[in-house]
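Okay, here's what each chain looks like letter by letter:
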Amino acid sequence: MSPQREEARREHIQLHMEGALRARDRVGVQDFVLLDAHTSEAAFLDNLRKRFHHNLIYTYIGTLLVSVNPYQELGIYTVSQMELYQGVNFFELPPHVYAIADNAYRMMCSELSNHFILISGESGAGKTEASKKILQYFAVTCPMTESLQVARDRLLLSNPVLEAFGNAKTLRNDNSSRFGKYMDIQFDFKGVPVGGHIISYLIEKSRVVHQNTGERNFHIFYQLLQGGGHELLSRLGLEPDPQLYRYLSQGHCARESSIDDKNDWKTVSNAFSIIDFTEDDLENLFGIIASVLHLGNIRFEENPQGCAIIPHSHEIKWVAKLLGAPPSILLEALTHRKIEAQTEEVVCPLTLALALYARDAVAKAVYERAFTWLVSKINSSLVNKDFTKKTVIGLLDIYGFEVFDKNGFEQFCINYCNEKLQQLLIERTLKAEQAEYKLEGIEWEPIQYFNNKIICDLVEERHKGIISILDEECIRPGPATDLSFLEKLEEKVGRHAHFQTRKLADPKGRKRIGWMDFCLFHYAGEVTYCTRGFLEKNNDLLYRHLKEVLCRSRNPILSECFLPAELKNRRRPPTVGTQFKNSLSSLLEILTAKEPSYIRCIKPNEQKEPSKFDDFLIRHQVKYLGLMEHLRVRRAGFAYRRKYEHFLQRYKSLCPDTWPHWHGPAAEGVERLVKYIGYKPQEYKLGRTKIFIRFARTLFATEDAFEFSKHQLVARIQATYKGCQERRTYLTKRQAAIRLETNWRRVLAQKEANRRKWAVGIIRKFIKGFITRNKPLSADNEDFIGLVQKNYILNLRYHVPKNVLDKSWLRPPGILQNVSDLLRAMCMRNLVRKYCRGISAEKRALMQQKVVTSAVFRGRKDGYVQSLHQPFASSRIGDEDINPKIVQLISCEKIQYGIPVIKYDRKGFKARQRQLILTRKAAYVVELAKIKQRIAYSALRGVSTSSLSDGLLVLHVSGEDKQKGDAILQCEHIFEVVTKLVMLAKKENLVSVVQGSLQFSISPGKEGTIVFDTGPEEQIYKDKNGQLAVVSGCLGKEEAEEAALCENRV
Ligand SMILES: Nc1ncnc2c1ncn2[C@@H]1O[C@H](COP(=O)(O)OP(=O)(O)OP(=O)(O)O)[C@@H](O)[C@H]1O
Ligand SMILES: [Mg+2]
């Protein structure tokens, strides 16, 4: 390409690129690391907003997925979408929860490693929905065998059961999970989901006995009342109306339009049947649920001594029945307390307040343990009994950072949990970054980040942390109160940089903190906790008396949950704080051993409305979810990194050296490519296996150039593809044609071979026929002979003589000699006949005359030959030339012929002009009107002529008649005259042709002589001897030759 064209191309790319960039800006970047202003919260929110308004709810920060709850169905969770994301390179498609799930799954399958997906966010942000989507994704896309379908169904159906018992409607979320859930999905070596395991964390049991206005208890209570049916409810002593139960009516929203309890009951019942729950299990479980409702309805009154009494035993009876305990003992346990003093036990009555506390404590304990039992029961149904090695993907759906106006013990635990998880996330991300840099041989550039270990330590450190201080305060003899706990805190951790109380704060900060509050500076921000209730909640005390009742319960579930061993153990059970800390540390142990993926869920508004993006609320969440911090760590110098192979594969079309194939190492190809597209050295670094691009804009420029070149590529690929297709069809056609040709040629060759074979046979036969042609007719020669005969006959037609004079004839083969002769004769006869038929009567007469002439003169008289071709005339004198008198005289005899003649006198030989007229009867010598001599034919004795070419003739007459003597005449046409004369006289035999001389009769008895001779000149004269000398002219040489030729022809 010429430099000018190259420049023009680049300019074009540049122009196009900017257009595309603007287009991209409208929907933001799909990975926050590609934000140029990656440290700006405003830019972050802006990007999130842009995408949210285009219903693009997912955005990456590297491999972390940020999800904004759309509060509407977007149609992005269809099976076809699942299939789209299956096995696709993570960054190839737009961000999606399926991409996270698929990535974890692929890595698990390929590396046989364990993974977890941590889903966190505020209540109502969409954590549970995300975890369900992931579970569905695995259920649909993973390979599946029929036998393992049950395992898959159980995994899926464990959700509605757990949600019924662990979820409730809150102000924030109609289906709020009130427990933390970690679920392991186990896969066999083929990647088939074969089992699972669930761990639950810190169920919000206080909800069992108390709900704020607008909130509800756990769904299962309402579902049971709405869907359980009359029979079950009467067995449990319940009425369908939730308003009748104190534990269900405090929130004043027992019936919620968005929740269909009846329908949900059906789903849960169906799920129970699939997860292996027996009828008895369900009866006992619902017994416990019902007992909680009855417990709530137990009313206490105060007796005059200030002790609590239960005036009506109706509810007690039902509770006792359902829990399998004697009513009297239960009644006593609810109103009295056993105090162990050294060796003896003292029973003392409870005040009204304590009795209410005890009742609620039982309800909470019973529900909590029943929930734990439910989880373990589900686990036993999910367990895979095959002990081969499994890999797992864990789904952690856990409460996110919570900051309310008033934050209690629960928020303290929850935020502590989030602090720990944040630590894990930052550590893992940093560690992964550092490891990657090291692996790639790129210099590590230290990142400033907030290490929240200091806060974790503040909460959990042994003997020094807040939880330890709280525990100490709980077990301390003497009057411990929440306030004393706060003082202890001020005393022990008061100097910690992340801790503050009203007392410790400077005058400015004091206003924000109450007397009972302490403030923690979490990684996500400052949270003020009210210590009120900390001790009680941490102690979670269930009076021993009540514990005894529950341990002796005949309800099998309760007897599993409350083991008598608990009673024997005199040591205090671990506090809630410690239990939570321990379970958290074991959770972190579980997570640390696995590869992480993160999903951060964001709630766009408090009103659960679609398309409403509440900036304030979201900024708050972005902060508490630590997204900016994560982005900062993830960006750590480079906005983008990809394996050389992937980078090259995507952008190779931008450089002629790498397109369409780069055969060398991918790293070198990438180096060549980035140099060609003009990366500046500070814009990128090349690692061992990856390219690191520092600025997002560099990548965008590359991407835009790629977008532009795609069109050209598509055209080229299409052309090549079409070419290939055409070539393929051409080749098939060609092959077909060749095959046809081959077959056709074979057919032709066979035909030709047969023809030749046949020809050889024929030729051989003919040779044989030729050899044996003269032998008698046999099979060997009959064809040959036949052919020869046919050919001869066919040929003959071209050689038949054309006229009677043509004597030529096709020479016949020997065998056809006879036939040929016959044919020749026939042919000649035919010709003759034809000739004869063709001639007229006149001509015939003429020919007859000629025949006579021939008979008389042929070979005897000179000039005969020359006369042959001169036809005879019918007369040489016209009728008008004959004197009418003469005509009249001889008309009766009919004039046949006339000719002028010279008559020589017999004596003097004087020549006289006369006419010779021939009639039927006589010849007349006429002089004008006078007949000089009549020679009747009967008197004609003969006619003489000489053998020379003269025209002299002598008519010999007989003497008896009165004839004068012979007549000597000379005329032209001597042959004609003589012939006509003798024919008329019928005296053909009397013509004599003499040589030398002749005698004639002058008169009777007197004879004269005529001498004939040849000379140079014709003349007739009387010679000296008195004889008539007739000299004929000699024939010239030419005339002689002609005469010979004619002679031959004749
Ligand atoms: N991806 C989504 N598409 C459509 N609606 C969603 C989506 N995610 C969440 N929602 C809506 O938001 C509601 C709350 O979601 P979810 O129960 O998952 O929140 P959560 O984060 O689990 O809250 P909590 O901490 O209270 O359990 C859902 O009931 C659903 O109506
Ligand atoms: Mg939830």
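Before reading on, note that the structure itself is shown above.
What you see is a predicted model, and the numbers here were worked out from it, not measured in a lab.

Student: Teacher, can you tell me more about the pairing of strand β28 (residues 997-1003) here?
Tutor: On a regular strand, one side chain projects to one face of the sheet and the next to the other, so that they alternate. Direction of pairing for β28 relative to strand β29 (residues 1006-1015): antiparallel, over a ladder of 6 bridges. By the bridge assignment, L998 is partnered in β29 with I1010.

Student: How should the coordination of the magnesium ion (ligand 2) be read in this particular structure?
Tutor: In a perfect tetrahedron of four donors around a metal, the angles come out at 109.5 degrees. In a perfect octahedron of six, they are 90 or 180 degrees. Taken together, T128 (OG1) and S177 (OG) make up the full set of protein donors to the magnesium ion (ligand 2), lying 1.9 to 2.1 Å away. With T128 in helix α5 (residues 127-141) and S177 in strand β5 (residues 176-177), the pair connects residues that are 49 residues apart, well separated along the chain. Both residues of the pair, T128 and S177, belong to the buried class.

Student: What is the right way to read the site of ligand 1 from this model?
Tutor: Around ligand 1 sit 17 residues in total, of which S123, G124, K127, T128 and S176 are the nearest. Between ligand 1 and S123 there is a distance of 2.6 Å, counted from an oxygen atom to a side-chain nitrogen or oxygen. Within the side chain of N173, one N or O atom sits 2.9 Å away from an oxygen atom of ligand 1. For ligand 1, the accessible surface in isolation is 620 Å², of which the surrounding protein chains cover 87%. Elements supplying a minimum of two residues to the shell around ligand 1: α5 and β5. The element contributing the most residues to the shell around ligand 1 is α5, with 3 residues.

Student: It is not clear to me how the packing of helix α16 (residues 409-440) against helix α27 (residues 627-635) should be interpreted in this structure. Could you clarify?
Tutor: Two quantities define a packed helix pair, namely the angle between the axes and the distance from one axis to the other. The geometry of α16 relative to α27 is characterised by a closest axis approach of 9 Å and an angle of 15 degrees between their N-to-C directions. Between α16 and α27, the angle is such that the two are roughly parallel. Handedness of the α16/α27 crossing: right-handed. Counting all contacts with α16, which are made through Q422, L425, I426, T429, L430 and E433, the residues of α27 involved are E629, H630, V633 and R634. Across the contact of α16 with α27, the residue classes tally to 4 nonpolar, 3 polar and 3 charged.

Student: Could you clarify how one ought to interpret empty space enclosed by the protein in this entry?
Tutor: To locate leftover empty space, one rolls a probe as large as a water molecule over the atoms. Scanning all chains against the criterion turns up 6 cavities of 30 Å³ or more. There is about 60 Å³ of room inside the largest cavity. If you trace the largest cavity, you find it lined by T128, S131, N159, E163, N167, S177, F179, K181 and D397. For the lining of the largest cavity, the elements supplying multiple residues, two or more each, are α5 and α6 (149-166). Of the residues assigned to the lining of the largest cavity, the class counts are 1 nonpolar, 5 polar and 3 charged. In this structure, the second largest cavity occupies an estimated 50 Å³ of space. Contributing to the lining of the second largest cavity are L118, S120, N418, L421, Q422, Y523, R600, Y624 and L625. The element contributing the most residues to the lining of the second largest cavity is α16, with 3 residues. Among the residues making up the lining of the second largest cavity, the classes are represented as 5 nonpolar, 3 polar and 1 charged.

Student: Could you clarify how one ought to interpret the layout of surface pockets in this entry?
Tutor: Here the second largest pocket defines a volume of roughly 1300 Å³. Along the walls of the second largest pocket sit 36 residues, with T63, N103, M107, E436 and K690 positioned nearest its centre. Contributing elements (two or more residues each) for the lining of the second largest pocket: α4 (97-111), α16, β16 (595-602), α27 and β17 (640-643). For the lining of the second largest pocket, the element with the most residues is α16, which contributes 9 residues. Tallied by class, residues from the lining of the second largest pocket come to 12 nonpolar, 10 polar and 14 charged.

Student: Can you help me understand the environment of V140 in this one?
Tutor: Note on placement: V140 falls in helix α5. Classification of V140 by relative accessible area gives partly exposed; the value is 42%. When the C-alpha atoms of V140 and A936 are compared, they prove to be 152 Å apart, with 796 residues separating the residues in sequence. Residues within four places of V140 in sequence aside, it is in contact with V79 and M82.

Student: Sorry, what's going on with the nonpolar core here?
Tutor: It is characteristic of soluble globular proteins that their nonpolar side chains tend to be buried jointly. F165, F221, F286, L374 and F518 are the most contacted members of the largest nonpolar core, which totals 204 residues. No other element matches the 15 residues that helix α15 (residues 352-382) contributes to this core. Ranked by size, the runner-up nonpolar core spans 31 residues in total, among them L955, V957, I974 and L981.

Student: Mind showing me how you'd approach the packing of α16 against helix α17 (residues 453-460) here?
Tutor: At a minimum axis separation of 9 Å, α16 and α17 run at an interaxial angle of 140 degrees. Overall, the two elements α16 and α17 adopt an arrangement that is oblique. Both α16 and α17 take part in a crossing whose hand is left-handed. Here F412, Y416, E419, K420 and Q423 of α16 lie close against α17, whose contacting residues are K453, I455, C456, V459 and E460. Class assignment of the residues belonging to the contact of α16 with α17 gives a composition of 5 nonpolar, 1 polar and 4 charged.

Student: Please explain the packing of aromatic side chains as it appears in this structure.
Tutor: Working definition: an aromatic ring pair is given by the centre-to-centre distance plus the angle between the planes. Evaluation of the coordinates by the stated rule reveals 40 aromatic pairs. Among the aromatic side chains, those forming a connected cluster through ring pairs are Y77, Y85, Y98, Y105, Y137, F138 and F187. A cation over a ring is seen here: K133 above Y77, with NZ or CZ 4.5 Å from the ring centre. The aromatic ring of W515 is capped on one face by R502, whose charged end is 4.5 Å from the ring centroid.

What counts and what doesn't
Residues numbered from 1 in each chain as written. Chains lettered and ligands numbered in written order. Predicted model: local features only at pLDDT ≥ 70, side-chain atom pairs only at ≥ 80, totals over all residues. Heavy atoms only, no water. Pairing = 2+ DSSP bridges. Helix = DSSP H or I, 4+ residues; strand = E, 2+ residues; numbered from the N terminus. Donors = N, O, S within 2.8 Å, 3.2 Å for Na, K, Ca; no water. Buried < 20%, exposed > 50% of the residue type's maximum accessible area, 1.4 Å probe, protein only. Near = heavy atom within 4 Å. Polar contact = N/O pair within 3.5 Å; in protein donor to acceptor, adjacent residues only side chain to side chain. Areas by Shrake-Rupley, 256 points an atom, 1.4 Å probe, with all protein chains shown as cover. Axes fitted to C-alpha atoms, helices over the stretch in contact; angles between N-to-C directions. Parallel < 35°, antiparallel > 145°, perpendicular 65-115°, else oblique. Left-handed = near helix turned anticlockwise from the far one by under 90°. Contact = heavy atoms within 4.5 Å. Nonpolar A, V, L, I, M, F, W, Y, C, P; charged D, E, K, R; others polar. 1 Å grid on protein atoms, 1.4 Å probe; cavity = no way out; pocket = protein on both sides within 12 Å on 5 of 7 lines; lining within 4 Å. Points joined across faces, edges and corners; volume = space filled by probe spheres on them. Core = buried A, V, L, I, M, F, W, Y, C linked by side-chain atoms within 4.5 Å. Phe/Tyr/Trp six-rings, centres within 6.5 Å; stacked < 30°, edge-to-face > 60°. Lys NZ or Arg CZ within 6 Å of the ring centre and 35° of its normal.

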